[in-house]
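Report on the structure
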Amino acid sequence: MYRMKKATVSLLIFVMALFLLVGCNSNTNGKTEEASGGKKDGKIVVGFSQIGAESGWRTAETKSIKETLGNSPDFELKFSDAQQKQENQIKAIRNFIAQKVDVIALAPVVETGWESILKKAKDAKIPVILLDRGIKVNDESLYTSFIGSDFILEGENAAKELINLIGADKKANIVELQGTVGASAANDRKTGFANGLKDNPNFKIIKSQSGDFTRTKGKEVMEAFLKSDGKNIDAVYAHNDDMAIGAIQAIEEYGLKPGEDIKVVSIDGIKDAFEAAVQGKTNIIVECNPLLGPQLAQAVKDLKAGKEIPSWIKTEESVFVGKDAAEEALPSRKY
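Cut-offs and rules
Residues numbered from 1 in each chain as written. Predicted model: local features only at pLDDT ≥ 70, side-chain atom pairs only at ≥ 80, totals over all residues. Heavy atoms only, no water. Patch = residues over 30% accessible without salt bridge, like charges linked within 9 Å, V, L, I, M, F, W, Y side chains within 5 Å. Areas by Shrake-Rupley, 256 points an atom, 1.4 Å probe, with all protein chains shown as cover. Salt bridge = Lys/Arg side-chain N within 4 Å of Asp/Glu carboxyl O. Helix = DSSP H or I, 4+ residues; strand = E, 2+ residues; numbered from the N terminus. Buried < 20%, exposed > 50% of the residue type's maximum accessible area, 1.4 Å probe, protein only. Axes fitted to C-alpha atoms, helices over the stretch in contact; angles between N-to-C directions. Parallel < 35°, antiparallel > 145°, perpendicular 65-115°, else oblique. Left-handed = near helix turned anticlockwise from the far one by under 90°. Contact = heavy atoms within 4.5 Å. Nonpolar A, V, L, I, M, F, W, Y, C, P; charged D, E, K, R; others polar. Pairing = 2+ DSSP bridges. Right-handed = clockwise from strand over helix to strand, strands pointing away. Polar contact = N/O pair within 3.5 Å; in protein donor to acceptor, adjacent residues only side chain to side chain. 1 Å grid on protein atoms, 1.4 Å probe; cavity = no way out; pocket = protein on both sides within 12 Å on 5 of 7 lines; lining within 4 Å. Points joined across faces, edges and corners; volume = space filled by probe spheres on them.

Thoughts on a nonpolar patch on the surface
A cluster of nonpolar side chains, contributed by Leu165, Val319 and Val321, occupies part of the molecular surface with about 180 Å² of accessible area. Structurally, Val319 can be placed in strand β12 (residues 319-321). Taking the relative accessible area as the measure of exposure, Val319 reaches 31% and is therefore partly exposed.

See below:
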């Protein structure tokens with residue numbers, strides 16, 4: 001009986017020691033995971049809220065980020081498509097915060113209405129990087145950096161090249177296809193174009209309306225412009241290529257020749273626009289580079305390494321005027 005009790009006590013002591021050992025190891029592992037953000041594989045987790053897929057340019061940006069971060073052993077990418085709705089982006093950011101991602105990348109659908117959700121990200125110590133569109137907030141520390149283009153300069157370049165094409169001494173009535181209402185790209189490209197025209201009273205914008213950055217809406221708005229002012233339109237300025245392509249279709253259906261009867265200038269630089277330029281249907285393409293994946297990846301790595309990154313990481317871009325320039329550039333276009 002004594003031996004049985006002694007064996008039982010020994011067994012209990014062994015089990016208790018084993019339990020304590022496992023418990024200590026579990027606590028140690030828990031601390032390690034917490035220190036690394038709960039990630040056993042050491043990957044940097046990036047939550048990306050994309051506007052949607054309203055254009056070929058937007059699709060190219062999404063592809064660049066998915067290929068760069070999604071195929072890298074250094075990153076885990078969590079992707080959310082907002083379908084052009086701010087409320088969906090706010091919901092996605094809230095989910096990213098709950099998941100404790102390392103960095104949030106945001107391509108904002110509009111400029112305003114971000115303070116509350118970005119304050120939550122800041123309180124959670126999750127840096128936010130804006131992509132291709134800016135925002136308006138009272139506290140600019142709510143985001144760490146902006147990666148993208150100078151939209152105002154793009155609009156100014158579009159105006160300058162259009163004046164050069166038509167001739168500064170000539171008169172020109174211009175219709176404008178604006179991007180999504182409230183989007184920084186639309187606001188700034190409108191401002192830049194107006195800046196480029198202000199010293200030349202011969203060039204006037206006679207109609208301006210949102211085409212929502214889509215081909216379908218761009219065509220619809222251009223049809224309305226042609227119906228009311230078809231004989232008076234000398235040029236169309238589109239805030240992106242997709243709306244320009246929709247406008248080209250409307251011009252052809254109206255019985256005029258795009259690129260000849262009505263000059264066409266647009267911004268982005270997708271392949272479809274270059275193909276239209278080769279056919280003489282569009283005249284000026286102001287490039288806006290959507291291949292932001294590599295720049296985003298580097299910025300995130302620098303942040304995780306404790307480095308300070310620029311508040312504005314600019315993309316390199318060009319302007320293409322005429323058929324010859326389009327033909328030369330088309331074979332190397334990646335989007």
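A few points about the packing of helix α7 (residues 215-229) against helix α8 (residues 241-254)
Helix packing for two helices is described by the angle between their axes and how far apart those axes are. With their axes 7 Å apart at the nearest point, α7 and α8 run at an angle of 40° to one another. Classified by the angle between their axes, α7 and α8 sit oblique to one another. Along this stretch, α7 crosses α8, giving a crossing that reads as right-handed. Contact residues: Arg215, Gly218, Lys219, Met222, Glu223 and Leu226 in α7; Asp242, Met243, Ile245, Gly246, Ala247, Gln249, Ala250, Ile251, Glu253 and Tyr254 in α8. Here the residues of the contact of α7 with α8 sort into eight nonpolar, three polar and five charged.

Re the pairing of strand β4 (residues 128-131)
Covered by surrounding structure in β4 are Val128 and Leu130 together with Ile129 and Leu131, the residues of both alternating faces. Pairing of strand β3 (residues 103-106) with β4 involves three bridges; the strand directions are parallel. Residue pairing for β4: Ala105 is matched across the bridge by Ile129. Between β3 and its parallel partner β4, the chain crosses via helix α4 (residues 115-123), and the hand of that crossover is right-handed.

Description of the sheet that holds strand β7 (residues 203-210)
Taken together, the six strands give an open sheet; going across it, the order is β7-β6-β8-β9-β10-β12, and neighbouring strands pair in mixed fashion. The sheet is open, and its two edges are formed by β7 and β12, each paired on a single side. Neighbour to neighbour, the strand axes of the sheet diverge by 15° on average, direction disregarded. Bridge analysis of strand β10 (residues 284-287) against β12 gives three bridges, and the strand direction is antiparallel.

Looking at the side chain of Gln89
Mapping Gln89 onto the fold places it in helix α3 (residues 86-98). Here the side chain of Gln89 touches Ala107 through a polar contact of 2.8 Å, landing on its backbone oxygen. In this view, Gln89 contacts Ser49, Gln50, Ile51, Ala82, Leu106, Ala107, Pro108, Val109 and Trp114; residues no more than four positions away in its chain are not counted.

Observations concerning the pattern of salt bridges
Scanning the model with the defined rule gives 21 salt bridges in all. Arg189 is the partner of Glu154 in a salt bridge, and the nearest nitrogen-oxygen pair spans 2.9 Å. You can see Glu154 sitting in helix α5 (residues 151-166) and its partner Arg189 sitting in helix α6 (residues 184-197), a full 35 residues away along the chain. Note on Arg189: relative accessible area 3%, which makes it buried. When salt bridges with common partners are traced through the structure, they connect Glu54, Arg58, Glu61, Asp132 and Arg133 into a single cluster.

A short note on empty space enclosed by the protein
Under the counting rule described, the total for this entry stands at one cavity of 30 Å³ or more. When its volume is computed, the largest cavity comes out at roughly 100 Å³. Around the largest cavity, the lining is made up of 13 residues, and of these Trp57, Arg58, Arg189, Phe213 and Asp268 lie nearest the centre. Of all the elements in the fold, those that place two or more residues in the lining of the largest cavity are α2 (56-70) and α6.

Structural notes on the pairing of strand β9 (residues 263-268)
Within β9, five of the six residues are buried, which leaves the element mostly enclosed by the surrounding structure. In this sheet, β9 lies alongside strand β8 (residues 235-238) in parallel orientation, the contact comprising four bridges. In the strand pairing of β9, Ala238 is matched with Ser266. One crossover worth recording links β8 to the parallel β9 by way of α8, and it is right-handed.

Looking at the packing of helix α9 (residues 271-278) against helix α11 (residues 322-329)
In contact at an axis separation of 8 Å, α9 and α11 are set at 135° when each is read in the N-to-C sense. The angle between α9 and α11 falls in the class oblique. Our pair here, α9 against α11, has a crossing hand that is left-handed. Between α9 and α11, the residues in contact are Phe274, Ala277 and Val278 and Lys323, Ala326, Glu327 and Ala329, respectively.

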